[in-house]
Amino acid sequence: MEQTASESRRITLHAPEDFVGMRRAGQLAAATLDMITEHVRPGVTTGALDAIILEYIEKNGATSATVGYRGYQHASCISINHVVCHGIPGSKALVDGDILNIDVTVILDGWFGDTSRMYVAGNASTKAKLLMDVTYESLVRGIKAVRPGARLGDIGHAIQSYVEKQRFSVVRDFCGHGIGRTFHASPNVLHYGRPGEGTVLKPGMFFTIEPMVNVGRPEVKVLDDGWTAVTRDRSLSAQFEHMVGVTEDGCEVFTYSPAGMHKPPYGA
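The rules behind each value
Every residue gets a number counted from 1 within its own chain, in the order that chain's sequence is written. At least 70 in pLDDT is required for a residue's local features to be given in this predicted model, at least 80 for side-chain atom pairs to be given and counted, and no such filter applies to totals for whole chains, interfaces and linings, which use all residues. Processing note: side-chain calculations cover all non-hydrogen atoms of the structure and skip hydrogens and water entirely. UniProt positions are given in the numbering used here, feature names are shortened, and annotations may be inferred rather than shown by experiment. Helix numbering and strand numbering both begin at the N terminus, where a helix is a DSSP run of H or I of at least 4 residues and a strand a DSSP run of E of at least 2. We call a residue buried when its accessible area falls under 20% of the maximum for its residue type, exposed when it is over 50%, and partly exposed in between, using a 1.4 Å probe and counting protein chains only. Every residue pair with non-hydrogen atoms within 4.5 Å of one another is taken to be in contact. Polar contacts, as used here, are pairs of N or O atoms within 3.5 Å; protein pairs need one atom able to donate a hydrogen and one able to accept it. Residues neighboring in sequence count only if both atoms are side-chain atoms. Each axis is a line fitted through C-alpha atoms, taken for helices only over the stretch in contact, and angles between the N-to-C directions span 0 to 180 degrees. Comment on the angle field: the value is read as roughly parallel under 35 degrees, roughly antiparallel over 145, roughly perpendicular from 65 to 115, and oblique elsewhere. Helix crossings are classified by the rotation of the near helix relative to the far one: an anticlockwise turn of less than a right angle makes the crossing left-handed, while a clockwise turn makes it right-handed. Amino acid classes used here: Ala, Val, Leu, Ile, Met, Phe, Trp, Tyr, Cys and Pro are nonpolar; Asp, Glu, Lys and Arg are charged; the rest, including Gly, are polar. Here, a strand pair is defined by DSSP locating no fewer than two bridges between the strands. We score Asp and Glu as negative and Lys and Arg as positive, and we do not count His or the chain ends. For salt bridges, the criterion is a side-chain nitrogen of Lys or Arg within 4 Å of an Asp or Glu carboxyl oxygen. Each residue after the first adds 1.5 Å to the expected span of a helix.

**Focus: the UniProt feature "binding site: a divalent metal cation 2" (unreviewed entry) in the protein**
- The positions UniProt marks with the feature "binding site: a divalent metal cation 2" (unreviewed entry) are Asp114, His177, Glu210 and Glu241. Despite a sequence span of 128 residues, these residues sit close together in the fold, their greatest C-alpha distance being 10.9 Å.
- Along the chain, the position of Asp114 falls in strand β5 (residues 111-120).
- Taking relative accessible area as the criterion, Asp114 reaches 2% and is therefore assigned buried.
- Residues contacting Asp114, with those up to four places away along its chain left out, are Ala29, Asp103, Val104, Thr105, His177, Ile179, Phe183, Thr208, Glu241, His242, Met243 and Thr255.
- A polar atom in the side chain of Asp114 sits 3.0 Å from the side chain of Thr105.
- Within the secondary structure, Glu210 sits in the loop between β9 (206-209) and β10 (212-214).
- Ignoring anything within four residues of it in the chain, the contact list for Glu210 reads Cys175, Gly176, His177, His191, Gln239, Phe240 and Glu241.

**So, the packing of helix α2 (residues 18-36) against helix α3 (residues 46-59)**
- It is the contact of α2 with α3, at a shortest axis distance of 10 Å, that shows an interaxial angle of 140°. By the angle class used here, α2 and α3 are oblique. In the crossing of α2 with α3, the sense of the turn from one axis to the other is right-handed. Between α2 and α3, the residues in contact are Leu28, Ala31, Thr32, Met35 and Ile36 and Leu49, Ile52, Ile53, Tyr56 and Ile57, respectively.
- For the contact of α2 with α3, the class distribution of residues is 9 nonpolar, 1 polar and no charged.

**Points about the sheet that holds β10**
- Taking strand neighbours across the sheet as the criterion, the 3 strands line up as β6-β10-β13 in an open arrangement whose pairing is antiparallel. Two strands in the sheet have a free side with no partner beyond their single neighbour: β6 (169-170) and β13 (237-239).
- Here 2 bridges tie β6 to β10, and the two strands are oriented antiparallel to one another. Looking at the pairing, Ser169 lines up with Asn214 of β10.
- Sheet strands touched by helix α4 (residues 126-144): β10 and β13. Its angle to β13, the strand with the most contacts, is close to 35°.

**Quick notes on the side chain of Asp98**
- For Asp98, the position within the fold is in the loop between β3 (83-85) and β4 (99-108).
- Within the buried set, Asp98 has no salt-bridge partner at all; the shortest N-O distance to an opposite charge, 5.3 Å, is to Lys92.
- At 2.9 Å, the side chain of Asp98 and the backbone nitrogen of Val95 are in polar contact.
- Setting aside residues up to four positions removed in sequence, Asp98 forms contacts with Ile80, Asn81, Tyr119, Val120 and Ala121.

**A few points about the pairing of strand β8 (residues 185-189)**
- Pairing of strand β7 (residues 176-178) with β8, which is carried by 3 bridges, proceeds in the antiparallel orientation. Across the sheet, His177 pairs through a bridge with Asn188, a residue of β8.
- The turn joining β7 and β8, which pair antiparallel and follow one another in sequence, is formed by 6 residues.

**A look at unusual backbone geometry**
- Cis rather than trans, the peptide bond between Ser186 and Pro187 has omega equal to 5°.
- We note that Asn81 has phi near 55°; this positive angle belongs to a residue other than glycine.
- Relative to the helices and strands, Asn81 is located in the loop between β2 (77-80) and β3.
- We note that Arg167 has phi near 70°; this positive angle belongs to a residue other than glycine.
- For Arg167, the position within the fold is in the loop between α5 (152-165) and β6.
- Accessibility expressed as a relative area gives 75% for Arg167, which makes it exposed.

**Details of α2**
- Taking 1.5 Å per residue, 19 residues should reach 27 Å; α2 reaches 28 Å between its end C-alpha atoms and fits that length.
- By the criterion of burial, α2 is predominantly enclosed, with 15 of the 19 residues buried.

Spelled out as structure tokens, the structure:
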């Protein structure tokens, strides 16, 4: 899937000094996910988790990019079990065995920091643990494909080929995106694809890689609230997200956990 010249022109190539702002925003977003780890347990509501997240973001001199975004009124998306993404925090209490993705985006000094991570309330099933491990590893493999001269299809292929070898499926309905001083920008970063196809990666590109992986089929549907996306077959889903910048010889990951909390179990 080749990108047209007009699409390529819409991709911002950031200056070396811009990496500093993205690094700070990314590290605050990652620290927010570190902080919330100890609060994720059976009995806590997703609304309570969201309130803690908002307080932490504001206490650290940033704002939430999602509060007020297209009418959304929360500082996080919290997606439990078969919810693929964009789960809305509320009065639902976690129960033992729930797996959940928490996705946060902060704005710090005009730069957006966007990342998400999986958590477990109590003890997860063997299948859920495998799903989370496979999803995280697919993200790692996607990141390893990022370097100048590579193409977006190389990232998608690295993710898709690994996930499908594990007999899971990659969600097609959502993708990663360009980011920087805007929340969502070009390019779209698909989590499936063919090697050697798509936009050529160049130093200064900033974007997210955020594969969503289902135990069952890849199809999803969006509920009547206009946000919550769930697996059509009610199978478990998992997601991890990092934000990267293409460098002269590879890439920098802006959202690695400062505390080394990369995937469950976190030992918190």
